[in-house]
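Structural overview
In case you want the letters, here they are:
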Amino acid sequence: MSAVDCKKILETLTLEEKVGQLVQLGGEFFLEDLKSVETGPSEKIGLSDSFNRYNLGSVINVLDSKEIKEIQKVYLENSRHKIPLLFMADIIHGYQTIFPIPLGQAASFNFELIEKAAEVSARESYYGGQHVTFTPMVDLSRDARWGRISESPGEDPYVNSRFSEAVVRGLQGNEDSIGKEKIAATVKHYVGYGSVESGREYNAVEMSESTLRQFHLPAFKAAVDANVRLVMTAFHTLNGVPATGSKWINNDILRKELGFDGVLISDHSAVKELSYYGYAKDDAEAAKIAMEATVDIDMKTAVYANELVTLVKSEQLDVELLDDAVLRVLELKKDLGLFDNPYRGLSYEADINYEEHLEIALELAEESVVMLKNNNVLPIDKNKKIAIIGPNANNKFLLGMWAITGDASKYETLFEAFQREYGNDRVITSQGANLVDNVKNYGFPEKLAKLISAKDETLAEQDLIEEALRCAQDADVIVLSLGENMLDTGEGGSKVDIELSQKQRELVKTLSTLNKPMVAVINSGRPNVLSELEQDFDAILYAWYGGHKMSEALVNIISGKTNPSGKLPVSLPRHVGQLPLYYNNYSSARPSLKGEKKRFTSRYIDVDNDPLYSFGYGLSYTQFEYSNLKISPKDKSWDITYEVTNTGDREGYEVSQLYIHVPVSKIVRPVLELKGIQKTLIKPGEVFKGSFELTLDDINFYDNANSKIETQGSVEVFVGSSSNELNLESVIEL
Ligand code: BGC
């Protein structure tokens, strides 16, 4: 590690230079000089003329490595202190090699593989000159209306925590410093953002402390324990206080309780937004509040740049707070080795084995596909004639909203993959319907849409269904390639109607009159409502946005080369009115039992309570049988052993899940809580002997006064293949 002493560097800095380290701007502040790309960025965000851009600390979302090199060079030539710039970007599910969106990755329940994918992202980004990425996003998401559910690992704190630590480890490695082919990770958005009211983006969050600690904090704790270098604040208000300005969650919980000593960065413009909320009366107060909440970097506003010097000089802000923040930024630069080499990674001859990276992308794409239904129609035999019908059948724009560095032209469509696998003469395609009913509502910035190759969709004038019917005429099987447009999810992508478009529904209904086997492939960033269509499908594959290798993964599964193994990391609702919907809901005094229609119970009179498909659910081409649950007590923990037999005739992965339920407790407990996952490849006839460790800490639960209450009495223990198939059960008496 570098022998640089950050404290000594800090002493050499002027007040203005210190403040600069805490400011993050876009590359246009430098490219303006270099290439006259854009003029007037400083006016746009209201940056004062007195701010010296050669004091800046970090730059966001410059994606071209040559531009990074150029900016760093010009910066270092002009800056007095010569502290290198940090380059940060949103590399969310891949840099050059694009992996499934995070929700899809979580469906693999394979955290080792998720870690490998993060390693690939780090390697590619490192050679692209990036230092920090804004991932993992681990906001617990229980509401499919919220567009950002696509970016999250879903509704369960255990899955979120495992995902969180896996991504952090994959990106950063386990060394003290962040070395070759590694970059720094940022866990976000701290904390509770996934619970925005009504699933509407940037809305308020109201949450008990118990829920916050039990469900939302664990994934952040897991990242901090894995030594994540940055945390990003969030946009929402938590119980009336903007998350970015909350001393309680940022300083008291994150820093003091969880022990986070890295860089806390605001979300985009969130420091400025403290005054838009009316939580600060002006920018100066916003800067003071954010600094006192230990927010180190102000992302893309002029608030710190314009206000901090005066605040410190007038002694309204303790200079120690400023020094602490600057020191944390300097330590990050040191950790990344930037003082030794400001151009780390920037080699254009990097020896990257892209084939190997694509293999990992294929594996993860395959494992992320969830087979929800299969009435003996899958796999599809090689001599069958297949009609691939639907708006995604030949759609190249399915990489996901954050694939800003991914090349969509490299993406093979589902139709192309089918042609490759089944032969051109066996496969025929037709669009059948528009992906969306209304393309006018996105309000998406044009420049960004271009960057992610979002489809500039125009609604077809003519009736596509006629053509689809002709296409299906001679086919033995119809594969319906359906879903949502990429812009239907992601930031700012909240919706109240989460069914497939009206036109797609009409298409399905019309094709179902042909009475041919129909396989639905759904590409979407959220669990959609499929209730109206489910009965029409003989098989359903939920494939999210699966990255560069999604189509190959799907064809491998459909042709039977690969046995599907994904499980749902979120409940698939029956109706939008059920939302938020999650398996680990609190117990009710008047529960409604399935099939029972009693008036004064906790239920809807028009829709069942349970989801259409449950958390943890997913089918395989083989079958598994569970047996032999045994629990052996140890000191403050239990060894739980079980057996799974593959009773089918082909090899397959099973995701075994450990749940508990605590019936009596001083705070009402969820009906089920996931405490362990084991994903294993089991051969036909093989008996796998699995084991979990359950600790006392796993069983205890936070109350509303920040203490973990000790569970007493019975703990019901279940092992099974999904939250609604609890094959084995036993009881621990405390
Ligand atoms: C998003 C973050 C993202 C940041 C930087 C914000 O709008 O909420 O998730 O990392 O922009 O692009």
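Residues numbered from 1 in each chain as written. Predicted model: local features only at pLDDT ≥ 70, side-chain atom pairs only at ≥ 80, totals over all residues. Heavy atoms only, no water.

1. Re the environment of glycine 566
Examined against the element boundaries, glycine 566 turns out to sit in the loop between helix 22 (550-559) and strand 17 (624-634). Sequence separation between glycine 566 and glycine 616 is 50 residues, and the spatial gap between their C-alpha atoms is 8.7 Å. Those residues in contact with glycine 566 that lie beyond four places of it in its chain are Ala107, Glu367, Val369, Val370, Tyr617 and Gly618. (Helix = DSSP H or I, 4+ residues; strand = E, 2+ residues; numbered from the N terminus. Contact = heavy atoms within 4.5 Å.)

2. Some thoughts on helix 10 (residues 218-225)
Every buried residue belonging to helix 10 is among Ala219, Phe220, Ala222, Ala223 and Val224, and all of these are buried. Against the buried residues of helix 10 lie helix 8 (157-172), strand 5 (184-190), helix 9 (209-216) and helix 11 (247-257). Following helix 10 by one or two positions, asparagine 227 has its phi on the positive side, about 70°. (Buried < 20%, exposed > 50% of the residue type's maximum accessible area, 1.4 Å probe, protein only.)

3. Comments concerning the sheet that holds strand 24 (residues 714-720)
On the basis of which strands lie adjacent, the open sheet formed by four strands has the order 20-19-24-25 and antiparallel pairing. Each end of this open sheet is capped by a strand with a single partner; those strands are strand 20 (673-682) and strand 25 (728-733). Across this sheet, the average inter-strand angle for adjacent strands is 20°, counted without regard to direction. Strand direction decides the pairing type here: strand 19 (residues 652-661) and strand 24, joined by five bridges, are antiparallel. Note that in strand 24 the partner of glutamine 657 across the bridge is glycine 720. (Pairing = 2+ DSSP bridges. Axes fitted to C-alpha atoms, helices over the stretch in contact; angles between N-to-C directions.)

4. With respect to the pairing of strand 1 (residues 23-26)
Residues Val23 and Leu25 point to one face of strand 1 and Gln24 and Gly26 to the other, with burial holding for every one of them. Sheet analysis places strand 1 next to strand 10 (residues 298-299), joined by two bridges and oriented parallel. Note that in strand 10 the partner of valine 23 across the bridge is aspartate 298. Judged from the three bridges that link them, strand 1 and strand 2 (residues 58-60) form a sheet pairing that is parallel. Residue pairing for strand 2: glutamine 24 is matched across the bridge by serine 58.

5. So, the side chain of histidine 81
Mapped onto the secondary structure, histidine 81 falls in the loop between helix 5 (65-78) and strand 3 (86-89). Of note is the side chain of histidine 81, whose polar atom sits 2.9 Å from the backbone nitrogen of isoleucine 83. If we ignore the near neighbours within four places in the chain, the residues touching histidine 81 are Leu13, Glu17, Gln21, Tyr54, Asn55 and Tyr75. (Polar contact = N/O pair within 3.5 Å; in protein donor to acceptor, adjacent residues only side chain to side chain.)

6. Things to note about the pattern of salt bridges
With the rule as written, the count across this model stands at 47 salt bridges. A salt bridge links arginine 169 to glutamate 115; its shortest N-O distance comes to 3.1 Å. Note that arginine 169 is positioned in helix 8 and glutamate 115 in helix 7 (residues 111-127), a separation of 54 residues in sequence. Two residues, lysine 382 and glutamate 421, come together in a salt bridge whose shortest N-O distance is 3.0 Å. Of this pair, lysine 382 sits in the loop between strand 11 (370-374) and strand 12 (386-389) while glutamate 421 is found in helix 17 (residues 414-422), placing the two residues 39 residues apart along the sequence. Of the residues examined, lysine 382 reaches a relative accessible area of 42% and is grouped as partly exposed. Judged by relative accessible area, glutamate 421 falls into the buried class, the value being 12%. Residues joined by salt bridges that share partners form a network here, namely Arg574, Lys594, Lys597, Asp608 and Asp610. (Salt bridge = Lys/Arg side-chain N within 4 Å of Asp/Glu carboxyl O.)

7. A short note on the nonpolar core
Counting residues in each nonpolar core, the largest one holds 130 residues, and the members touching the most others are Tyr304 and Leu308. In terms of residues, this core owes the most to one element, helix 7, which gives nine residues. Non-local contacts of tyrosine 304, meaning those with residues more than four positions away in its chain, are made with Val19, Leu22, Val23, Val271, Ala287, Ala290, Met291, Val295, Asp296, Ile297 and Asp298. Core analysis: the second largest hydrophobic core is formed by 77 residues, Ala468, Ala475, Leu507 and Phe537 among them. (Core = buried A, V, L, I, M, F, W, Y, C linked by side-chain atoms within 4.5 Å.)

8. Comments concerning the packing of helix 16 (residues 354-368) against helix 22
It is the contact of helix 16 with helix 22, at a shortest axis distance of 8 Å, that shows an interaxial angle of 55°. By the angle between their directions, the pair helix 16 and helix 22 is classed as oblique. As for the relative orientation of helix 16 and helix 22, their crossing is right-handed in sense. In this structure, helix 16 contributes Leu362, Ala365 and Glu366 to the contact, and helix 22 contributes Met550, Glu552, Ala553, Asn556 and Ile557. Looking at side-chain class alone, the contact of helix 16 with helix 22 contains five nonpolar, one polar and two charged residues. (Parallel < 35°, antiparallel > 145°, perpendicular 65-115°, else oblique. Left-handed = near helix turned anticlockwise from the far one by under 90°. Nonpolar A, V, L, I, M, F, W, Y, C, P; charged D, E, K, R; others polar.)

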